Amino acid sequence: MLEIEIDGKQVQVDDGSTVMDAAAVAGAYIPHFCYHKKLSIAANCRMCLVQVEKAPKPLPACATPVTNGMKVWTHSELAVKAQKGVMEFLLINHPLDCPICDQGGECQLQDLAVGYGSSASRYQEEKRVVFNKNLGSLVSTDMTRCINCTRCVRFTAEIAGEMELGQAFRGEHAEIMPFIEKTIDSELSGNIIDLCPVGALTSKPFRFAARTWELSRRKSVSPHDSLGANLIVQTKHDVVKRVLPLENEDVNECWLSDKDRFSYEALNGDDRLTAPMIKQGGEWKRVDWQAALEFVATGLRGIAKDHGPASIGALGSPHSTLEELYLLQKLVRGMGSDNVDFRLRQADFRADGKRSGAPWLGMPIAGVKDLNRLLVVGSFLRKDAPLLAQRVRQAAKKGLHVSAIGPNAEEWLLPVKHRALVAPSAMVAVLAEVVAALSAAKGVEVSVALHGKLPAVVSDEARSIAESLAAGRKVAVWLGSLAAQHGRASELQMLAQEVARLSGGTFGFIGEAANSVGAYLAGATPGADGLNAGAMIAQPRQAYVVLGAEPDFDFADPAATKAALGGAQLVVGLSAFDSASLRGVADVLLPIAPFTETSGTYVNCEGRAQSFTAVARPQGETRPGWKVLRVLGNMLSLDGFAQGDSEAVRDEALAGGVAERLDNGLEGVLVSSVVAAAGALERVADVPIHFADPIVRRAPSLQKTRDAAAPTARMAPETLAALGVNAGERVRVRQAGGQAELVAQADAGLAPGCVRIAAAHLSTAALGAMSGDVSVERV
């Protein structure tokens, strides 16, 4: 610890701290523009000049290291004169357009100009003009306002991981610009809007929509990925106008992914479902709530009587709130059925009844910085969990060794030390090889359950991964969405569990959605006598209650799902949107509120239960989903539906605690033959970041980004050559009786013998399951 005196106040700071850090400890504010606590030090705005004892001139506080006994004055005559001089230079070319600037009212330059600027300028020459840049559909530019702080440049290079912006030219001619003819395509691009201290970079969807002082601010939680980013949702007249990050160092730090930030546009779209609807004679008719609920209650009661309670099934989205999922399973179980599931994209359910608790990440999100070895199995990490990938990126700069197993090697924008690039059918074999090599390296016997199941021959890639893990002090193994949706997911979990045991580390699931953990805690999984999501589709029921999901996009096999739901006597759709996908199979549509119009809880991948309240009134006749389910329970004369508010439902759902119920332990799953199948082409299905849930799919600005491009048939160059297909040609892909016509694309980051075709898109919905054999032919 070092001692420093700031404005006469003695403080102690860590060795290596800067004067800016010390000032924060002392509670002294130093004006600044280019400095940001999460970015490297640039010291190019010079606004933070301070007086330091024995220094011949003012020094930048952000770049001046503390020395023992240093004396600093932040508001002395010399310091203030220097700060005012810098402000005058910054304002020389800055346009006087505050009244029309979207940053007006929350602008650092505006605020500091009041304290350090002059009422008149001594500069009489013409101000410079900088032409605007096209950064894409999310970020709007007014580059004449730019003060060249380079925060945006440093963010894209250091946090987002790819230098998409740079500074060209020098002096008065310096400009921030993207590379020639390029837009910003990072999934974290919206953060440069928050970082910009002036109005040079603003939100394109929010542009001229409202003034900051007109907006009401409410805390909320993102409903999209498993991180559960904390939000500030800003509304005007009960319409969501903007979403900003709420700083939480344990979860999202001060960042948001673009999906979290811009998806709100869908909430104000024309396809919101705002009134109950019933299909009569093939025509959809608007009805009141009483008629709709009586129709549902009568239908469910009649089907249970005629066909037995087991003829009813419930399929809930993992993006639903804890309260909705809890009451959904309680409703179905109250009627005598055990058929309820939220794992709509899962293919392997052999782990059911053999788990020790609810699967989770196995460690705190904030603990990523302490890892020095990480194995990621079957994940599209950067797009599935952008802010978790960002934490891994920062840890990799400090020595974390990342290894990966899977069919995809897309750029995560971080160094991957060891990678086994293999087809999905070979993932179990490779992970088994890692277990065998790790057991030999550590000199520890494998678990009894794996005796005789491990291969005798270990590949070089598996051995390299095992040696890396064996040398680790703090090890984690993560299973991604591709692993969780794999046809042998339970075997991958058994092997990952063994890798973690042998290496003395942790293992867990990254998670697909906001409540991938919470849904387990809510009991939204079948009991011993119930059918899982896959079985409910393979063995069609007479009635289905579908919560927050769309058959074409949110299921492992869209074609089979539509067939099963289409043949049912009654399909009840609870949705915030008037979905063409649901209209095709449903008999009644009930409008439920999205996350901004209801209260609820999401339990993120680390097991953190985060509750939120509504930030706007429900549109039209929309009602909170938990209230709709509670009323249905009462109309069906079921016990336990007397909760007065969502907090009572939450407390009931989490009565056993959260931490006590989290456990990745798995026993009794047999690891079958680990020899990879050979032959046919295998489908690799990712769910692109902007196709992942009903809200994101309807956000216009997100749908214009590169990440929302229509799916292609991506294959390794050698696979294309073997098929005699050239990149750019149209091909017909066939799978399980379905087919789709797509454009072939070369992808060097894909394992040979695989075809990567995105799911959750109308153009690929007819193909069938997200994994399996496919054939490809030129059209």
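Below, the structure is looked at part by part. (Residues numbered from 1 in each chain as written. Predicted model: local features only at pLDDT ≥ 70, side-chain atom pairs only at ≥ 80, totals over all residues. Heavy atoms only, no water.)

Right, let's talk about the packing of aromatic side chains for a bit. Under the defined criterion, the tally for this structure stands at three aromatic pairs. With a centroid separation of 5.0 Å and 55° between ring planes, the pair formed by F155 and W255 is classed as tilted. Of the two residues, F155 sits in helix α4 (residues 151–158) while W255 sits in the loop between β12 (239–245) and α6 (258–262), which places them 100 residues apart along the sequence. One exposure class covers both F155 and W255, and it is buried. Judged by centre distance (5.1 Å) and plane angle (85°), the rings of F342 and Y520 are edge-to-face. (Phe/Tyr/Trp six-rings, centres within 6.5 Å; stacked < 30°, edge-to-face > 60°. Helix = DSSP H or I, 4+ residues; strand = E, 2+ residues; numbered from the N terminus. Buried < 20%, exposed > 50% of the residue type's maximum accessible area, 1.4 Å probe, protein only.)

Moving on, we come to the pairing of strand β5 (residues 70–73). Every second residue of β5 is oriented toward a common face, the buried set being M70 and V72 and the non-buried set K71 and W73. Examined bridge by bridge, strand β1 (residues 2–6) and β5 share three bridges and lie parallel to one another. Paired with I4 across the strands is M70, a residue of β5. Two strands pair when backbone bridges link them, and strand β3 (residues 49–52) and β5 are joined in this way by two bridges, in the antiparallel orientation. Across the sheet, V52 pairs through a bridge with V72, a residue of β5. (Pairing = 2+ DSSP bridges.)

The subject of this paragraph is the pattern of salt bridges. Scanning all chains against the criterion turns up 47 salt bridges. Here R272 makes a salt bridge to E597, at a shortest N to O gap of 2.9 Å. Of this pair, R272 sits in the loop between α6 and β13 (277–280) while E597 sits in the loop between β24 (588–591) and β25 (600–603), placing them 325 residues apart in sequence. By the burial criterion, R272 is buried, and E597 matches it. Measuring nitrogen to oxygen at the nearest pair gives 3.2 Å for the salt bridge that ties R345 to D554. Residue R345 is located in the loop between β16 (340–341) and β17 (373–377), and its partner D554 is located in the loop between β22 (543–547) and α17 (558–566); the two are separated by 209 residues in the primary sequence. With a relative accessible area of 5%, R345 lands in the buried category. Of the residues examined, D554 reaches a relative accessible area of 6% and is grouped as buried. Taken together, the shared-partner salt bridges connect D271, R345, E512, E550, D554, R697 and R698 into one network. (Salt bridge = Lys/Arg side-chain N within 4 Å of Asp/Glu carboxyl O.)

A separate point is unusual backbone geometry. Leaving glycine aside, a negative phi is the common case for residues, and trans is the common case for peptide bonds. One non-glycine residue with positive phi stands out, namely R46, at about 65°. Among the structural elements, R46 can be located in the loop between α1 (19–26) and β3. Exposure remark for R46: the relative accessible area of 36% places this residue in the partly exposed category. One non-glycine residue, N148, adopts positive backbone phi at about 55°. Within the element layout of this structure, N148 appears in the loop between β6 (139–141) and α4.

Turning our attention to helix α7 (residues 289–307). In this model, α7 (19 residues) spans 27 Å end to end at C-alpha, consistent with the 27 Å of a helix rising 1.5 Å per residue. Along α7, the residues that are buried comprise W289, A292, L293, V296, A297, L300, I303 and A304. Angular distribution of buried residues about the axis of α7 spans 135°; they occupy a single face of the element. In α7, the exposed positions angled more than 90 degrees off the buried face are occupied by T298, K305 and D306. Those residues of α7 that are buried lie in contact with β13, β15 (312–316), β22, β23 (570–575), β24 and α19 (625–635). With a side-chain oxygen positioned 3.3 Å from the backbone nitrogen of Q290, the residue opening α7 is D288. Phi turns positive, to about 90°, at G308, one or two residues after α7. (Expected span 1.5 Å × (residues − 1). Arc of directions from axis to C-beta. Contact = heavy atoms within 4.5 Å. Polar contact = N/O pair within 3.5 Å; in protein donor to acceptor, adjacent residues only side chain to side chain.)

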